[in-house]
Amino acid sequence: MGHGITTVRDPGSGNGLDWVLDEKARSAKNEITAPRIQAYVFYGQGRDKPIVTTDEARQWVDQVAKQGADGVKFLGAPPDQYRAALDEVKKLGLRSACHHSQTYVARVNALTSARWGLTTMEHWYGLPEALFADRTIQDYPVDYNYLNESDRFGQAGRLWKQAAPQGSEKWNQVIDEMIKLDFTIDPTLTIYEASRDLMRARRAEWHEEYTLPSLWEFYTPNRQKHGSYWYHWTTEDEVAWKENYRIWMTFLNDFKNRGGRVTTGSDSGFIYKLYGFDYIRELELLREAGFHPLEVIRSATLNGAQALGLDKEIGSVEPGKLADLVVVEENPIQDLKVLYGTGTIRVTEDNKVIRVGGVKYTIKDGIVYDAKKLLADVRQIVKTAKEKEGKGIVQPGM
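Residues numbered from 1 in each chain as written. Predicted model: local features only at pLDDT ≥ 70, side-chain atom pairs only at ≥ 80, totals over all residues. Heavy atoms only, no water.

1. Concerning the overall build of the chain
- The secondary structure content of the chain amounts to 15 helices and twelve strands.
- Compactness check: the chain gives a C-alpha radius of gyration of 21 Å against a globular reference of 21 Å for 398 residues, within 12% of the reference.
- Seen along its three principal axes, the alpha-carbon backbone of the chain occupies a region of about 65 × 50 × 45 Å.
- Among the 398 residues that make up the chain, the fraction classed as buried is 53%.
- Intrachain contacts of the chain at a sequence separation of at least 6 include 72% that bridge at least 24 residues.
- With an accessible surface of roughly 18,800 Å², the chain has 50% of that area assigned to carbon and sulfur atoms. (Helix = DSSP H or I, 4+ residues; strand = E, 2+ residues; numbered from the N terminus. Rg over C-alpha atoms; globule rule 2.2 N^0.38 Å. Buried < 20%, exposed > 50% of the residue type's maximum accessible area, 1.4 Å probe, protein only. Contact = heavy atoms within 4.5 Å. Areas by Shrake-Rupley, 256 points an atom, 1.4 Å probe, with all protein chains shown as cover.)

Okay, structure coming up:
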């Protein structure tokens, strides 16, 4: 809310569907200071035993729909289950999202998922595989170990080079079919940015005052924690990821230019990425991908509302829609950096260095929130945690 975000999708309901639905209801009543919440639940969550049959897949979808879920979040599943579950999701009028796990994506890539009824995909896994023209399985080293995250993310940064090139028949066919299927891509460019420039990500200026010591510890290189794969990260890995981003961004820009829907998301809480701040960073990365600033804003507003099925209520300023607005004193179309809670640097006529920017007011459901006060509350929470735990921001190995 301190960065003007008035609606979020919880992609998995990791705290439990009942908890998320309770928070959703409290937010809808404006009993808490929170964005409105869409509850997507991880496929199979809440069962004592794994889903094995297609009937069980459908029954599980029916169950979470009755509980009040807005959608289902997939990581991958055996193709028969996955297809049946997607079919049931569609029948019940729910929506769906998928992080195409590398352990499943050789059998079901992003285009196949879209054909089966998936409404949105996250990240980019499954896109290069949909664009393979000279192979059907990723070309990984023979000693590749998915459970070793240095392998997992190091090799992931080399996948886009295996895809058919821009402008090829395969490239064009995939884009055209996805658009015809009304498929949405939520790329979360920001979450993998440390892979192409680790020092930049861990030195981001907001960590000092806004990152909890417990989260900072989670980010630190560790062989046992997800997304903390920096125990042997090299220049070669970063160069590979820079090229990965170049091709990925080219695909997104082509997809957008032909009429495809691209939205904004951050997947923060991992890989040196912080809630709110890295949502704004996502806007900058879409700009880097070739989106006009106005196209970036549309991705963050109307496109997101359409992807969630909420565009009759939010997403644009129109009579009859809910009053969701962001008030800033600078022009974000001229400089997206003015949306960061830490603002951006300017120099006055008398050569004084100052900070400008940050969202001034976030308006949700017509209720005005002082965004700078919300951020001040976060700073105090972090300060208190540091004092209690006796920990601060110390760079790894220092």
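More follows now that the structure is in view.
2. Focus: the nonpolar core
- Of all hydrophobic cores here, the largest spans 91 residues; its most connected members are Y43, Y82, W124, L127, W160, Y192 and F251.
- When residues in this core are grouped by element, the largest group, eight residues, is from helix 11 (residues 235-257).
- Once you skip the residues sitting within four places of it in the chain, F251 turns out to touch L127, L131, W160, W171, V174, I175 and I185.
- Counting residues in each nonpolar core, the second largest holds six residues, with Y40, L308, L310 and I314 among its members. (Core = buried A, V, L, I, M, F, W, Y, C linked by side-chain atoms within 4.5 Å.)

3. Concerning the packing of helix 2 (residues 54-67) against helix 3 (residues 79-91)
- Following both chains from N to C, one finds helix 2 and helix 3 inclined at 35 degrees, their axes separated by 8 Å at the closest point. Where helix 2 crosses over helix 3, the two elements pack in a sense that is right-handed. Mapping the contact onto sequence places T54, A57, R58, V61 and D62 in helix 2 and D80, Q81, A84, A85, D87, E88, V89 and K91 in helix 3.
- Counted by class, the contact of helix 2 with helix 3 contains five nonpolar, two polar and six charged residues. (Axes fitted to C-alpha atoms, helices over the stretch in contact; angles between N-to-C directions. Left-handed = near helix turned anticlockwise from the far one by under 90°. Nonpolar A, V, L, I, M, F, W, Y, C, P; charged D, E, K, R; others polar.)

4. Considerations on the side chain of R152
- In this fold, R152 is placed in helix 6 (residues 149-156).
- Ignoring any residue separated from it by four or fewer positions in sequence, one finds R152 in contact with H99, Y144, N145, Y146 and H226.

5. Quick word on the pattern of salt bridges
- On inspection of all chains with the given rule, the structure shows 35 salt bridges.
- Of the charged contacts, one joins E23 and R26 as a salt bridge, the two residues approaching to 2.9 Å between their closest N and O atoms. On the criterion of helical spacing, the pair formed by E23 and R26 is a turn pair, its members being three residues apart in helix 1 (residues 17-28).
- A salt bridge links R135 to D134, with the shortest nitrogen-to-oxygen separation between them at 3.0 Å.
- R135 gets classed as partly exposed once you look at its relative accessible area, which sits at 28%. (Salt bridge = Lys/Arg side-chain N within 4 Å of Asp/Glu carboxyl O.)

6. Details of the pairing of strand 9 (residues 344-347)
- Relative to strand 10 (residues 353-356), strand 9 runs antiparallel, the two sharing four bridges. Opposite R346, over in strand 10, you have I354 as the bridge partner.
- What sits between the antiparallel neighbours strand 9 and strand 10 is a turn of five residues, in which N351 has the positive phi angle 70 degrees. (Pairing = 2+ DSSP bridges.)

7. Brief notes about the environment of V317
- Within the secondary structure layout, V317 lies in the loop between helix 14 (302-308) and strand 8 (325-327).
- Note: C-alpha distance between V317 and H226 (91 residues apart in sequence) is 39 Å.

8. Side note on helix 3
- Taking 1.5 Å of rise per residue, the 13 residues of helix 3 would be expected to cover 18 Å, and the 18 Å separating its terminal C-alpha atoms lies within 8% of that figure.
- The complete set of buried residues in helix 3 reads Q81, Y82, A84, A85, L86, E88 and V89.
- In this structure, the buried residues of helix 3 make contact with helix 2, strand 3 (71-74), strand 4 (95-98) and helix 4 (110-116).
- Looking one or two places after helix 3, you find G93, whose phi comes out positive at around 80 degrees. (Expected span 1.5 Å × (residues − 1).)

9. Looking at the packing of helix 7 (residues 169-180) against helix 11
- Their axes nearest at 10 Å, the elements helix 7 and helix 11 cross at an angle of 50 degrees. In terms of orientation, helix 7 lies oblique with respect to helix 11. When the axes of helix 7 and helix 11 are compared, the crossing they make is right-handed. Note on element contacts: helix 11 touches helix 7 through I247, T250, F251, D254 and F255, opposite W171, V174, I175, M178 and I179.
- Within the contact of helix 7 with helix 11, the residues separate by chemical class into eight nonpolar, one polar and one charged. (Parallel < 35°, antiparallel > 145°, perpendicular 65-115°, else oblique.)

10. Digging into unusual backbone geometry
- The residue H123 is not glycine, and still its phi comes out positive at about 65 degrees.
- Counting through the fold element by element, H123 comes out in the loop between strand 5 (120-122) and helix 5 (127-130).
- Owing to a relative accessible area of 3%, H123 belongs among the buried residues under this scheme.
- Residues other than glycine seldom take positive phi values, yet N351 does so here, at roughly 70 degrees.
- Residue N351 is classed as exposed on the basis of its relative accessible area of 63%.

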